[in-house]
Amino acid sequence: MFGTRKTVILCLLEFLIVAVHCQTSPAQPAEVTNNIPTQQPTEQRTPTTTTTTSTTTTPTTTTKPTPTTTTSTTSTTTPTTTTPQPTAEPHPKDYWMRRGQDELLQALQAKINTNVAKNVILFIGDGMGVTTTTAARILKGQKEGRTGEESILSFERFPHLGLSKVYSIDRQVPDSADTATSFLCGVKSKTGTLGMDASVRRGDCSSEAGAAVDSIIQWSERADKSTGIVTTARITHATPAAGYAHSAERNWEFDGAIPSNQRFSGCKDIARQLINHASDIEVIMGGGRRNFISTSESDPEYSSSRRRVGRRTENTSLIEVWQEIKKLEGKRYKYVWNKTEFDMINPQEVDYLFGLFAWSHMKYEVDRQYDIAGEPSLEEMTQKAIEILRKNQNGYFLLAEGGRIDHAHHSSKAGIALEETLAFERAVAKAVEMTNEEDTLIVVMADHSHVFTIGGYASRGNPILGVTDIGRARDRKPFTTLAYGNGPGWRSVRENLENVNTADYDYRFQSAVPLRSETHSGEDVAVYARGPMSHLFNGVMEQYYIAHAMAYASCVGQNKDHCNLPPPTESPTRPRQPINVPQTPGQQPKPSIKTEEGVVSEVPGQAVEGGVLCQGATGGTGTKECSVFGIFIAIVTLLTL
């Protein structure tokens, strides 16, 4: 009898020790962001511009860019007394220490999402290397009236980040065809080839046999998901084409592009493949009407005085072929070619959408307002695509490409490239707004980078498109913060930028090596991810891995063994069961809430911590006062038995 009584007493004493610990334990912070100022003093500082006829800040898209020959009455390199200096940081050290601790707590509280990705959206910023995102981030902040460096792009808030290698089978520096084949089809390929493995020989139609590889678009279609492609480039251009075509040559966008000695080997041009073999893609939007209409057909956007015709040598309109296919299938479909028709689309009444908004590539964002027929933005196309695709209960895969970042860089027009990046960022933000992180995986990445640099020692807040305000080159001429390693901006004698508005969109930034077109670069590119299985995108990755990780997350493709497993339960190493809190007579029981730190009851001011009922757990004092009086009475009672 005494042994049993002793055992009970020891158990109750153990509870008493836990209660004392509960009384002295500090409460967890309610919000880790409470100490972060909603507005930073430095963010209110507008970058100072010199007194010039043409300002060095970026022109807005509401006015036509001024010509590069615009001169100024004062050198753009002359700093003023109000120019922000690197040492003029108003925040004391405790501000940065507090910010650092707050951000650390946010990181510590991050949780891994292992849900199945019902939907996957892959955003490709073509040519959007790390230097481009950094410069675009600064430009965004400066356009908002801040110094810029402290700004952040929408996808830079994603919880997971990694780096992707970009080399191809045969090149250190890739092109967009082999990179797209890699991250869409999951295999490395040769430069200039689409949807083919390394056995194909570029430009050799006869070598295509047995070399074709399917993409995640086909994998998703086989899983009864909806699919879509939107791009600001031609829909038959390298990145989008890798999602549906198989070609030994990326330039075979229309039938006339295939050499006569290759046409009889059975190869089909890329536009024909889209219509004949990939018409089950629900949403297709971009530019490139010329590749779908014949040479005898005029483009609808241009008058007879500016006549532009199709490129197809066969007397066939593939646009009409697509419409006929959908009609025979009994689908609800719509073809559109201008902004007015686009705006009239009701996503609830259309299941298949084909939009070709330009004869070739779509306009740069800064020129979009001047388009004759009007074009939707990448953000608008992304929104429309999601509205159509999300009707499928099985989910969807969407490829969205900001294709013209790359084109602006090739022309060494950094101002346009950065504006294209900001337009791309807005499309990502729209997708985040429209989707749920619990069931939608969003991956944002570049296919490759460019020989684009940020250099010099410019002051904080110095216009990113301007000249550096501290120091000059050895030739005693000013130089810009941004430059290219090669490209059309080279001059045998370097241009004096004293009276040049380098913020003009048509200005070609200087380069070190003379080339007709600036080139890609071979360094790794960033991969940002949020949503189910986004933790798989981390470290330094091979580019082909991207396709496999997206497929695994969404349960398509070959690796689907995990898809039928039950959802994960609470961690087996830390089981926690709700503890019933005593109710007063007549009071209805209230459910308890499980948290990471314990089980918190719905009783106001109470929490269950380690099995002991604590008073004041939800109060603002930061401590928990635990009631042990009941335990003490129980011990005394047992001792008197």
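Residues numbered from 1 in each chain as written. Predicted model: local features only at pLDDT ≥ 70, side-chain atom pairs only at ≥ 80, totals over all residues. Heavy atoms only, no water.

**Q** When you look at the overall build of the protein chain in this model, what are you seeing that I'm missing?
**A** What the protein chain contains, in helices and strands, is 14 helices and 20 strands. Going through the 641 residues of the protein chain one by one, you find that 52% of them count as buried. Within the protein chain, residue pairs in contact and separated by at least 24 positions form 70% of the contacts whose partners lie at least 6 positions apart. Of the roughly 29,800 Å² that the protein chain leaves accessible, carbon and sulfur atoms contribute 53%. (Helix = DSSP H or I, 4+ residues; strand = E, 2+ residues; numbered from the N terminus. Buried < 20%, exposed > 50% of the residue type's maximum accessible area, 1.4 Å probe, protein only. Contact = heavy atoms within 4.5 Å. Areas by Shrake-Rupley, 256 points an atom, 1.4 Å probe, with all protein chains shown as cover.)

**Q** Any chance you could explain the packing of aromatic side chains here in plain terms?
**A** When we look at a pair of aromatic rings, we describe it by the centre distance and by the angle of the planes. Overall, the coordinates contain 11 aromatic pairs when judged by the stated rule. Here the aromatic rings of Phe123 and Phe424 are separated by 5.9 Å at their centres, their planes lie at 90°, and the arrangement is edge-to-face. Separated by 301 residues along the polypeptide, Phe123 in strand S1 (residues 119-125) and Phe424 in helix H12 (residues 414-434) bring together distant segments of the chain. Comparing Phe123 with Phe424 shows no difference in burial state: the two are buried. (Phe/Tyr/Trp six-rings, centres within 6.5 Å; stacked < 30°, edge-to-face > 60°.)

**Q** Explanation requested: the nonpolar core in the structure shown.
**A** The nonpolar side chains of soluble globular proteins are, as a tendency, buried together. Ranked by size, the top nonpolar core spans 57 residues in total, and within it Phe123, Phe155, Val230, Met285, Phe424, Val444 and Leu482 carry the most contacts. Examining the composition of this core, we find that eight residues originate from one element, H12, more than from any other. With residues near it in sequence (within four places) discarded, Val444 still touches Phe123, Met128, Phe155, Phe158, Phe424, Val428, Ala526, Val527 and Tyr528. (Core = buried A, V, L, I, M, F, W, Y, C linked by side-chain atoms within 4.5 Å.)

**Q** Explain the pattern of salt bridges here, please?
**A** When the charged atoms of two side chains lie near each other, side chains of opposite charge can form a pair. In total, this model carries 31 salt bridges according to the counting rule given. Between Asp175 and Arg250 there is a salt bridge; the shortest N-O distance is 3.1 Å. Of this pair, Asp175 sits in the loop between strand S2 (160-164) and helix H4 (176-185) while Arg250 is found in the loop between helix H6 (238-241) and helix H7 (270-277), placing the two residues 75 residues apart along the sequence. Residues Asp175 and Arg250 agree in their burial class; the two are buried. Across the pair Glu437 and Arg530 runs a salt bridge whose closest N-O atoms are separated by 3.1 Å. Residue Glu437 is located in the loop between H12 and strand S8 (440-446), and its partner Arg530 is located in strand S14 (residues 525-530); the two are separated by 93 residues in the primary sequence. A residue is classified by how much of its surface remains accessible, and Arg530, at 11% relative accessible area, is buried. Linked by salt bridges that have partners in common, Lys339, Asp343, Glu365, Arg368, Glu380 and Arg426 make up one network. (Salt bridge = Lys/Arg side-chain N within 4 Å of Asp/Glu carboxyl O.)

Fair warning: the whole summary comes from geometry, so function is off the table for now.
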